Amino acid sequence: MMKRKSNIELLRIIAMVMIVGHHYAVHGVLHKLTGGGGYIEGSLPNKILVCLLEPGGTVGVAVFFMITGFFLINRKEASPQKVIEETIYYGIICALAGVGVKLLAHEEISWGNILKTATVSATNGGVWWFATAYVFLLMLVPYINKYATGCSLIEYKKMLAIIWIFPYSGDILFSGLYTSVSKAILFYLIGGFIRRFKERIKIPPKICLAILVGGWISNSAVSFLEYEGMIGKLGDIINESLFTCVTACALFILFCNLDLSNKYINKISSTMYGVYLISDSIVLREFIWNNIWRVNLQYKQSNFALLAMISIVGTIVVCGLIDYTRILFIEPWLRKTIPPKYICQ
């Protein structure tokens, strides 16, 4: 197994900060999944900040899949067991917490979402799309690697181009059913490409940084135009198929060039999947952003940027501490009870 590299683990932490920032904007201000929200109620600076947070979701997720590819591309075996166990564990915990929250608030309980979260469906769709795609990807890893590791540089580039054009961009354009899976496979293979041909990728850090900043700003600008009603859903297509890919690749290559070793970074990084599961649970996320942090009220304040930073960091710290207790007390017991054949970090 490849030794954990702290530069990549630090990137994992940064990716989760970006993802939680995205959720802050999407679930706290935009309410994309519940029919729209209060974007128009904010001042211009606050609207711009929301649009600057927007790319974090797609870029952060792309980076997570790239990290998986970077570490696993040379493996002959991989198992989703550990991911499934952690997902089901938090499915049960979040379901119980969701019931408690509704009872305390004297609100109606959505038993459909509670049961979905607390059962195996937590890993096969409808609760955490990333978890579903991640599990499916890990099941495919041995077969993907068998072909990808035999490819030459040119063959690998052609494979990436084909996947980017047809299943990935095509699914985004036509709202396909398998967008999350094609996204997982594409960025897994990009991470594997960087691992296999790292010595032949000669992009200076300054160029990577310029591409990263330019891609992020372009992504945010397109989001701004979309939310202002100027370009409609075309913005999502442009961002996902173009700017997300460019930005994520530049960010990943930039961190690959760092030389870093720190056990504390590695420990914090190990809690990031748990942070995602807790903060983006379908039964808790509205409570986190609307009841605890009251993002709708924050959005109308002149110090919105400071409040957003406190809310995002606070969410990550609290959820990270919760997951660290799982690692300390639940994980050792689980490993003795159900030892996995292969561990996928």
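Described in the following lines is the structure provided in the data block. (Residues numbered from 1 in each chain as written. Predicted model: local features only at pLDDT ≥ 70, side-chain atom pairs only at ≥ 80, totals over all residues. Heavy atoms only, no water.)

1. Focus on the state of the cysteines
Here is step 1 of the chain: Under the criterion given, the structure shown has 0 disulfides.
Here is step 2 of the chain: Left unpaired, C94 is separated from the closest cysteine sulfur, that of C319, by 8.4 Å.
Here is step 3 of the chain: Using a relative accessible area of 1% as the deciding quantity, one classes C94 as buried.
Here is step 4 of the chain: Here C249 is not cross-linked by a disulfide; its sulfur's nearest cysteine counterpart is in C245, at 6.5 Å. (Disulfide = S-S within 2.5 Å. Buried < 20%, exposed > 50% of the residue type's maximum accessible area, 1.4 Å probe, protein only.)

2. A short note on the environment of C245
Here is step 1 of the chain: Along the chain, C245 turns up in helix 10 (residues 234–256).
Here is step 2 of the chain: Sequence-wise, C245 and V59 are 186 residues apart; in three dimensions their C-alpha atoms are separated by 7.5 Å.
Here is step 3 of the chain: Contact partners of C245, with chain neighbours within four places excluded, come to W164, Y168, F187 and E240. (Helix = DSSP H or I, 4+ residues; strand = E, 2+ residues; numbered from the N terminus. Contact = heavy atoms within 4.5 Å.)

3. Some points on the pattern of salt bridges
Here is step 1 of the chain: With the rule as written, the count across this model stands at 11 salt bridges.
Here is step 2 of the chain: Measuring nitrogen to oxygen at the nearest pair gives 3.4 Å for the salt bridge that ties E240 to K183. In this pair, E240 sits in helix 10 while K183 sits in helix 8 (residues 179–196), placing the two residues 57 residues apart along the sequence. Grouping residues by exposure puts E240 and K183 together as buried.
Here is step 3 of the chain: When salt bridges with common partners are traced through the structure, they connect E85, E86, D323, R326, E331 and R335 into a single cluster. (Salt bridge = Lys/Arg side-chain N within 4 Å of Asp/Glu carboxyl O.)

4. Some remarks on unusual backbone geometry
Here is step 1 of the chain: At H106, a position not held by glycine, the phi torsion is positive, near 55°.
Here is step 2 of the chain: Relative to the helices and strands, H106 is located in the loop between helix 4 (81–105) and helix 5 (111–118).
Here is step 3 of the chain: A residue is classified by how much of its surface remains accessible, and H106, at 73% relative accessible area, is exposed.
Here is step 4 of the chain: Backbone geometry at R294 places phi at a positive 50°, although glycine is not the residue there.
Here is step 5 of the chain: By the element assignment, R294 lies in the loop between helix 13 (285–292) and helix 14 (295–298).

5. Considering a nonpolar patch on the surface
Here is step 1 of the chain: A cluster of nonpolar side chains, namely L306, M309, I310, V313, V317 and L321, defines an oily patch on the protein surface of about 550 Å² accessible area.
Here is step 2 of the chain: Summarising the element assignment, I310 is placed in helix 15 (residues 304–337). (Patch = residues over 30% accessible without salt bridge, like charges linked within 9 Å, V, L, I, M, F, W, Y side chains within 5 Å. Areas by Shrake-Rupley, 256 points an atom, 1.4 Å probe, with all protein chains shown as cover.)

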